[in-house]
Amino acid sequence: MNRETRKFNHRFQKIVLTSILALSSSAAMLISADTAFAETAKTETALPTNSAANQAASTRTSDETISDWKAWVRDHAYGIKSIEPEKTVNGRVPSDRFADLNMLKPLLHDKRFVFLGESSHGAAEYNLAKTRLIQFLHQEMGYNVLAFESGLSNSAIANGRLKEQSAEQTMKDSLLYVWWTQETLPLFDYMKETQKAKQPLKLAGFDIQTDLPFINGDWLKDKELTKRLAETEEALFKWQMSKDIEGYRKAKPSIVKVYEQVKEQLKTHEQELTKAYPNEPQIVKLLDRALSNRIRLAEEYVEITIQAFEGAEKGDMTMFVKLSEWRDQAMVDNLIWLATEAYPTEKFIVWGHNGHLRKANSEVMGTSFPVKTLGEMLPDQYKQISYVIGLYATEGETAGNDRVPIKVLTPEPGSVEDILSAANQPFTFMDLRYRLNERGNSWMFEPRFAYDWGSIKESLIPRTQYDGILLINKVSVPQYINK
């Protein structure tokens, strides 16, 4: 990843993690939530009756309510035996190694999309756990496409060379650098191993951000256009870091023109592309989509980015909200395109942050800013055939996108992490989707605290946001891999 991209990502994260202080409305919501929870901590009362004695008998303290919730969790949660990725034998994992995950089969048997979230991009155990889940979903349930919160073009190119290069190189070519870790490598080892199988695991990306250079242009057989493509990519990175919106508006037509010229060459060079990326038969279609994404970035996203950062530095988050929602809408569009145009018969595993994947992010109180994200924007027809799993942790450390450690705060009594930790398992899974509201699980149906990035307190209704939650007792900072 080049220096400009790292600066952009660090700048983006800094504003996201500190914007809760800049947004008085979000801060007010969080204070209101704290006040409400302080009040309900005193007592939780059933519906009033005419009898004072009956009313007194039906009143429970907060501690008693939490105790009931925890007892219910101990009786209904699933303990997962391990998060360590499984070893393959002749390209397959012995099926008996997944016995502890078989409880997922009836939950997912009619779902085309399984969304695997994470409260932080920087948790070693999240990467391990998701890798083992992916192995299970691919081998045991026929989910053959893994779509990452990473660039569509970069993932397509990496998938096209998956057989010919190392697992580590495929990881670096495809993913945002926050996932360049030793704990993510087993996933790419597994993916490479499955290329020998009848149903290999395919790699895709659905993000639109300019995370890595688009593509080596040698296939164009035009030195001048190849050079201009490389220069245009570099310019696009730099303009996103600038504050000169008028300057960008003047440069924009020439940037768009280069991408349009490259796009026109795709069909002409189909044979060269197929040869260069033999593992991806849809490479021309995918690169055509990727170039359309680049044109959208140049035409709309860069200007919004310049305005968003300028406003955020003054405490005005209006354009930053627009920027975030623009990106997530583009991710929705890409994911639907992958599912309808590139891989119309396949089932998908989708990897991203909880904030992107949960189903009603704009209703979460205490977030940096209340925006609609991918999971909320997804059309209803896709929501019905999806299952969203959020990942949280009870203790330890995660890392920010800048790889700096963040301490996981002690869970608030009655929070999602506190309640689920009552299962006394290192790895606890709870289904929310197929539960009716009853005395022991009412916590799913009302606002509860949970920690984003292990340190940002949010108030959310768990069942409104997720279909299932995986709680990992203790997390640690990943072992990062440099370029």
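The rules behind these values
- Residues numbered from 1 in each chain as written.
- Predicted model: local features only at pLDDT ≥ 70, side-chain atom pairs only at ≥ 80, totals over all residues.
- Heavy atoms only, no water.
- Core = buried A, V, L, I, M, F, W, Y, C linked by side-chain atoms within 4.5 Å.
- Buried < 20%, exposed > 50% of the residue type's maximum accessible area, 1.4 Å probe, protein only.
- Helix = DSSP H or I, 4+ residues; strand = E, 2+ residues; numbered from the N terminus.
- Contact = heavy atoms within 4.5 Å.
- Axes fitted to C-alpha atoms, helices over the stretch in contact; angles between N-to-C directions.
- Parallel < 35°, antiparallel > 145°, perpendicular 65-115°, else oblique.
- Left-handed = near helix turned anticlockwise from the far one by under 90°.
- Nonpolar A, V, L, I, M, F, W, Y, C, P; charged D, E, K, R; others polar.
- Phe/Tyr/Trp six-rings, centres within 6.5 Å; stacked < 30°, edge-to-face > 60°.

Trainee: Explanation requested: the nonpolar core in the structure shown.
Mentor: General note: in soluble globular proteins, nonpolar side chains tend to be found buried as a group. Counting residues in hydrophobic clusters, the biggest one holds 74 residues, and the most contacted among them are Val73, Phe115, Leu335, Leu338, Phe348, Met430 and Trp443. Here the element with the most residues in this core is helix H13 (residues 283-312); it accounts for ten residues. Not counting residues within four places of it along the chain, the set of residues in contact with phenylalanine 115 comprises Leu335, Val350, Leu357, Leu374, Leu378, Ser386, Tyr387, Val388 and Ile389. In this structure, Leu133, Tyr143, Val408 and Phe429 belong to the second largest nonpolar core, which totals 53 residues.

Trainee: Just checking my understanding: could you explain the environment of alanine 298 for this structure?
Mentor: Along the chain, the position of alanine 298 falls in helix H13. Note on alanine 298: relative accessible area 0%, which makes it buried. When neighbours within four sequence positions are excluded, alanine 298 is seen to be in contact with Leu236, Tyr248, Lys252, Ile255 and Val256.

Trainee: What's the story with the packing of helix H7 (residues 152-160) against helix H8 (residues 167-174) in this structure? I'm lost.
Mentor: When two helices pack together, their arrangement is given by the angle between the helix axes and the distance between those axes. Interhelical geometry of H7 versus H8 gives an angle of 160° and a closest axis separation of 8 Å. Between H7 and H8, the angle is such that the two are roughly antiparallel. In this structure, H7 crosses over H8, and the sense of that crossing is right-handed. Contacts between H7 and H8 pair Asn154, Ser155 and Ala158 from the former with Thr170, Asp173 and Ser174 from the latter. Grouping the amino acids of the contact of H7 with H8 by side-chain chemistry returns one nonpolar, four polar and one charged.

Trainee: Just checking my understanding: could you explain the side chain of glutamine 135 for this structure?
Mentor: Structurally, the position occupied by glutamine 135 is in helix H6 (residues 124-141). What makes glutamine 135 buried here is its relative accessible area of 1%. Those residues in contact with glutamine 135 that lie beyond four places of it in its chain are Pro85, Glu86, Phe98, Glu140 and Tyr190.

Trainee: Hey, could you run me through the packing of aromatic side chains in this one?
Mentor: Geometrically, a pair of aromatic rings is defined through the distance of the ring centres and the angle of the planes. Under the counting rule described, the total for this entry stands at twelve aromatic pairs. Pairing phenylalanine 113 with tyrosine 382 gives two aromatic rings, centres 5.9 Å apart and planes at 70°, and the pair type is edge-to-face. Placement of phenylalanine 113 in strand S4 (residues 113-116) and of tyrosine 382 in helix H17 (residues 380-383) is noted, with a sequence separation of 269 residues between them. On the accessibility criterion, phenylalanine 113 (2% relative accessible area) is buried. According to the relative accessible area criterion, tyrosine 382 is buried, its value standing at 10%. With 5.5 Å between their ring centres and 65° between their planes, phenylalanine 148 and tryptophan 179 make a pair best called edge-to-face. Taken together, the residues span a long stretch of sequence, with phenylalanine 148 in strand S5 (residues 143-151) and tryptophan 179 in the loop between H8 and helix H9 (185-194) at a distance of 31 residues. Clustering of aromatic rings is evident, with ring pairs tying together Phe113, Phe115, Tyr343, Phe348 and Tyr382.

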